[in-house]
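# Residue-level structural notes
Each chain, written out:
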Amino acid sequence: MSDRRMRQGTDDPADRRTVERLVAAWLAETERHDPEAAGEGRDGWERGALSERAAQDLATWVTARVTDTGFTEDEGPYVAGPVRITPADKDTVHAWLRARGHAV
């Protein structure tokens, strides 16, 4: 991981790891469906500043991909996905984006 990417995380190492993990998953999925958007997102991530479009895409993606709802199979839905994303993970990514001036 580059120093630049580390600087764009939060002060909390656990939050930083969450953002890094989910950005990597978002970029991988986006690459399969929209290589141009993935390139824009990756360039912004590596520069330490996502474009507003990329930030909104990430915020929407992480919200839609929450896989750990906190319910058991008998209580509610489980959303299968390549990475585990909790509501707290979503909140962490949204807070990270807001701290960088994005309206989320």
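In short, a report on the structure. Here, residues in each chain are numbered from 1, in the same order as that chain's written sequence. Only residues with pLDDT of 70 or above have their local features reported here, since the model is predicted, and side-chain atom pairs are shown and tallied only from 80 upward, although totals for entire chains, interfaces and linings are computed over all residues. Values shown for side chains rest on all heavy atoms present in the structure; no hydrogens or waters enter the calculation.

Further remarks concern the overall build of the chain. Secondary structure elements follow DSSP: runs of H or I of four or more residues count as helices, runs of E of two or more count as strands, with numbering from the N terminus. Regarding its fold elements, the chain presents five helices and zero strands. Helices and strands appear in the chain in the N-to-C order α-α-α-α-α. Partly exposed describes any residue whose relative accessible area lies between the buried limit of under 20% and the exposed limit of over 50%, with all areas from a 1.4 Å probe on protein chains only and scaled to the type maximum. Evaluated residue by residue, the chain yields a buried proportion of 36% over its 104 residues. In what follows, residue pairs with any heavy atoms lying within 4.5 Å of each other are defined as contacts. Taking the contacts inside the chain whose residues are at least 6 apart along the sequence as the reference set, 59% of them involve residues at least 24 apart. When the accessible surface of the chain is totalled, it reaches about 6100 Å², and 50% of it is carbon and sulfur. For the area figures, the Shrake-Rupley method with a 1.4 Å probe applies, and any residue is considered shielded solely by the protein chains shown.

This brings us to the side chain of E29. For E29, the location among the structural elements is in helix α2 (residues 13-33). Of the residues examined, E29 reaches a relative accessible area of 11% and is grouped as buried. Polar contact is the term for a pair of N or O atoms within 3.5 Å; when the atoms are in protein, one must be able to donate a hydrogen and the other to accept it, and sequence-neighboring residues count only if both atoms are side-chain atoms. Among the polar contacts made by the side chain of E29, one reaches the side chain of R65 at a distance of 2.3 Å. Every residue in contact with E29, bar those within four places of it in the chain, is listed here: W61 and R65.

A fitted line through C-alpha atoms represents every axis, and for helices the fit uses only the stretch in contact; the resulting angles, taken between N-to-C directions, go from 0 to 180 degrees. Here α2 crosses helix α4 (residues 52-64) at 100 degrees, and the two axes come no closer than 11 Å. The pairing of α2 with α4 is recorded here as roughly perpendicular in orientation. In this structure, α2 uses L22, V23, A25, W26 and E29 to contact α4, whose residues at the interface are A54, D57, L58, W61 and V62. Each angle gets one of four labels, with under 35 degrees taken as roughly parallel, over 145 as roughly antiparallel, 65 to 115 as roughly perpendicular, and the rest as oblique.

This paragraph deals with the packing of aromatic side chains. When the centres of two rings from Phe, Tyr and Trp lie within 6.5 Å, Trp using its six-membered ring, the rings pair. Their planes under 30 degrees apart give stacked, over 60 give edge-to-face, and anything left gives tilted. Taken as a whole and judged by the stated rule, the model has one aromatic pair. Between W45 and W96, the aromatic rings sit 5.7 Å apart at their centres with planes inclined by 50 degrees, giving tilted as the arrangement. With a gap of 51 residues between them, W45 in helix α3 (residues 35-47) and W96 in helix α5 (residues 87-99) connect regions that are remote in the sequence.

Nine residue types can take part in a nonpolar core, namely buried Ala, Val, Leu, Ile, Met, Phe, Trp, Tyr and Cys, and a core is a set of them joined through side-chain atoms within 4.5 Å. If you look at the biggest cluster of nonpolar residues, it comprises 19 residues, and the most contacted ones within it are V23, W26, L50, L58, W61, V93 and L97. Contributing elements (two or more residues each) for this core: α2, α4 and α5. Residues within four places of L50 in sequence aside, it is in contact with G41, G44, W45, A55, L58, W96, L97 and H102.

With that out of the way, let us pick up the pattern of salt bridges. Definition used for salt bridges: Asp or Glu carboxyl oxygen within 4 Å of a side-chain nitrogen of Lys or Arg. According to the stated counting rule, one finds five salt bridges in the structure shown. For R65, the salt bridge is made with E29, and the minimal N-O distance between the two is 2.3 Å. Linking R65 in the loop between α4 and α5 with E29 in helix α2, this pair joins segments that are 36 residues apart in sequence. In this structure R65 comes out as partly exposed when scored by relative accessible area, which is 31%. Salt-bridge contacts for D91 lead to K90; the nearest nitrogen and oxygen are separated by 3.4 Å.

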